[in-house]
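A structural walkthrough
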Amino acid sequence: MPAPDELVMWRAFLRAHAVLTRRLEADLMVECGLPLPWYDVLLQLAEAPQRRLRMTELADRVLLSRSGLTRLVDRLQQDRLVRREPCPSDARGTFTVLTDGGLARLRAASPVHLNGIATAVTGRYSPVELATLGQLLSRLGTAPSEWPDSGAK
């Protein structure tokens, strides 16, 4: 069972996440008309080889449920920001591919998002604090198989 000070830390972490994601999404919506989850999907595709990912790979990279991702990709496809292509090696597989229009929309939104990160997060810490924070948070992003044994059965 977590100690009271550990719960205080946990609540602070959740509050910070909620405040930051709301602010970053508000910036993107006001300036670019782009919800944060859309930006995330477009960014993941832009960083992928050939600007494409299988839906299962994309789902692993974004912060959405698989069903939520399917609906989001449907909307992105309606706006011609992505397209779906069949996987030649697996008849059941589908690629989501970033279109030129999607890449242009991402490029237009990136300065807004990066400025929001600089203002709301990185600009509030020293380089040493940022390095420490990055190291601490990276431990939380590891796969469960890499977690220390908690003793839970």
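Our structure's up above, just so we're on the same page.
Keep in mind the model is a prediction, meaning the values are calculated, not measured. (Residues numbered from 1 in each chain as written. Predicted model: local features only at pLDDT ≥ 70, side-chain atom pairs only at ≥ 80, totals over all residues. Heavy atoms only, no water.)

1. Considerations on the overall build of the protein
Looking only at helices and strands, the protein features six helices and three strands. Mapped from its N terminus to its C terminus, the protein presents α and β elements in the order α-α-β-α-α-β-β-α-α. Projecting the C-alpha coordinates of the protein onto the three principal axes gives extents of approximately 50 × 45 × 25 Å. A burial count over the protein gives 28% of its 153 residues as buried. Summarising the internal contacts of the protein: among those between residues at least 6 apart in sequence, 51% fall at separations of at least 24. Only carbon and sulfur atoms are counted for the fraction: they give 58% of the accessible area of the protein, which is about 10400 Å². (Helix = DSSP H or I, 4+ residues; strand = E, 2+ residues; numbered from the N terminus. Buried < 20%, exposed > 50% of the residue type's maximum accessible area, 1.4 Å probe, protein only. Contact = heavy atoms within 4.5 Å. Areas by Shrake-Rupley, 256 points an atom, 1.4 Å probe, with all protein chains shown as cover.)

2. Let's talk about the sheet that holds strand β1 (residues 52-54)
On the basis of which strands lie adjacent, the open sheet formed by three strands has the order β1-β3-β2 and antiparallel pairing. Pairing within the sheet leaves two strands with one partner each, and these edge strands are β1 and β2 (82-87). Going from strand to strand, the sheet's axes swing by 30° on average, the running direction of each strand aside. Relative to strand β3 (residues 90-98), helix α2 (residues 36-47) is tilted by about 105°, and along the sheet it contacts β1, β2 and β3. (Pairing = 2+ DSSP bridges. Axes fitted to C-alpha atoms, helices over the stretch in contact; angles between N-to-C directions.)

3. Side note on the layout of surface pockets
Looking at the largest pocket, its volume works out to about 1600 Å³. For the largest pocket, the lining is made up of 38 residues, of which F13, H17, L20, T21 and L137 are closest to its centre. For the lining of the largest pocket, the secondary structure elements donating two or more residues are α1 (4-32), α2, α5 (100-120) and α6 (127-140). The leading source of residues in the lining of the largest pocket is α1, at eleven residues. (1 Å grid on protein atoms, 1.4 Å probe; cavity = no way out; pocket = protein on both sides within 12 Å on 5 of 7 lines; lining within 4 Å. Points joined across faces, edges and corners; volume = space filled by probe spheres on them.)

4. Quick look at the pairing of β2
Pairing between β2 and β3: six bridges, direction antiparallel. Bridge pairing in β3 links R84 to T96.

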